[in-house]
Amino acid sequence: MWTKGVQYIFPAIFRVVVSLLILTDIATGLLYTVDFYQNPDFIYYTGREGGFLETLRENIRLFLVAYGIVILAFLFGIGKNFTAMLVFCFYFLEWLLLQPYSFVGDRFLRTSLLFFVFVNSFQYLSLSKRQAAWMPEQLSSLAVISLMLHTGLLYLANGIAKLRHRDWQQGKAMDYFFNFSEEMDILGFGKTLSEYDVIFPAMGYVTIIFQLLFMIVMWVRPWKYVWMIMGVLIHGFMAIILQLYKFEIIILLHFGFFLSEKEWRNILNLHRGWILNKRNNQ
């Protein structure tokens, strides 16, 4: 039962994409924001004199370099699940250091990386495809299910919070989302939508229904494909309008765990066939 739904393809994709996202943050930290860690306001939030976080802050460049080396090893599958554990430890330390400035995506990914320690993601996109000797397939499958539940609970909690909030019930939240500044209304149709009283409340309730039912619908075919498309549209708009690209990528990336190994093979075979047909027609 546990090994029947084991996944290999998407965990490898997840590992590579997350590694690239974290490497981008590390590079940004080394190139542009190292001085940020010496800011008096930042120092105020990182603990007392002589504390662990202050020691980490004072050696932030060394920490980021070591973190980058671990992420590179993780990207290429070197060290397997032991390296995955190191990635979680480094990410957690960075989260502790930046906790006053972190957002929900950081906390969400932190927990995901903890579950991912126990996932076998090294059958593909890895220098070595051998599975760690101590990592049974049952544990890997259970960790993937935990990641799916983790994603569903995030949506459920947000859906309940929105359902209880008057601004979401009346559509004011969506109105604010589109119109609170000219910079955010990049697409230019926020004011047009405001002319129709029913639009923003309807959009708000669609978002609430999407989040409340996510946990159930994503386990049911073919409705899960409809929910995935809705999720891409919702988070795509948020990425464009709010410019929260990293957060939206992290959330959407977790959708891949809801596709089975067979579904991923079909997707890759379809893509491979499209490439071959394109080459033959040239």
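Residues numbered from 1 in each chain as written. Predicted model: local features only at pLDDT ≥ 70, side-chain atom pairs only at ≥ 80, totals over all residues. Heavy atoms only, no water.

A. Representation of the packing of aromatic side chains. Scanning the entire structure with this criterion turns up 20 aromatic pairs. For the ring pair F74 and F116, a centre distance of 6.2 Å and an interplane angle of 85 degrees mean the geometry is edge-to-face. With F74 in helix α4 (residues 60-75) and F116 in helix α6 (residues 104-116), this pair connects stretches of sequence that are 42 residues apart. Each member of the pair, F74 as well as F116, is classed as buried. An angle of 55 degrees between the planes, with centres 6.3 Å apart, marks the rings of Y155 and F255 as tilted. Of the two residues, Y155 sits in helix α7 (residues 137-163) while F255 sits in the loop between α13 (245-253) and α14 (261-281), which places them 100 residues apart along the sequence. (Phe/Tyr/Trp six-rings, centres within 6.5 Å; stacked < 30°, edge-to-face > 60°. Helix = DSSP H or I, 4+ residues; strand = E, 2+ residues; numbered from the N terminus. Buried < 20%, exposed > 50% of the residue type's maximum accessible area, 1.4 Å probe, protein only.)

B. The pattern of salt bridges, seen in detail. Per the counting criterion, the structure on display carries 4 salt bridges. Put simply, K246 and D25 hold a salt bridge, and the shortest N to O gap is 2.4 Å. Of this pair, K246 sits in helix α13 while D25 sits in helix α1 (residues 9-31), placing them 221 residues apart in sequence. When its relative accessible area of 30% is taken as the criterion, D25 is described as partly exposed. In this structure, the salt-bridge partner of D106 is K246, at a minimum N-O distance of 3.7 Å. Separated by 140 residues along the polypeptide, D106 in helix α6 and K246 in helix α13 bring together distant segments of the chain. (Salt bridge = Lys/Arg side-chain N within 4 Å of Asp/Glu carboxyl O.)

C. Here's a closer look at the nonpolar core. Counting 55 residues, the largest nonpolar core has I22, Y67, L113, F214 and F257 as its most contacted members. Ranked by residues supplied to this core, first place goes to α1 with 9 residues. Excluding its chain neighbours within four sequence positions, the residues that come into contact with Y67 are I22, I26, V87, F90, Y91 and E94. (Core = buried A, V, L, I, M, F, W, Y, C linked by side-chain atoms within 4.5 Å. Contact = heavy atoms within 4.5 Å.)

In short, geometric facts, not functional conclusions.
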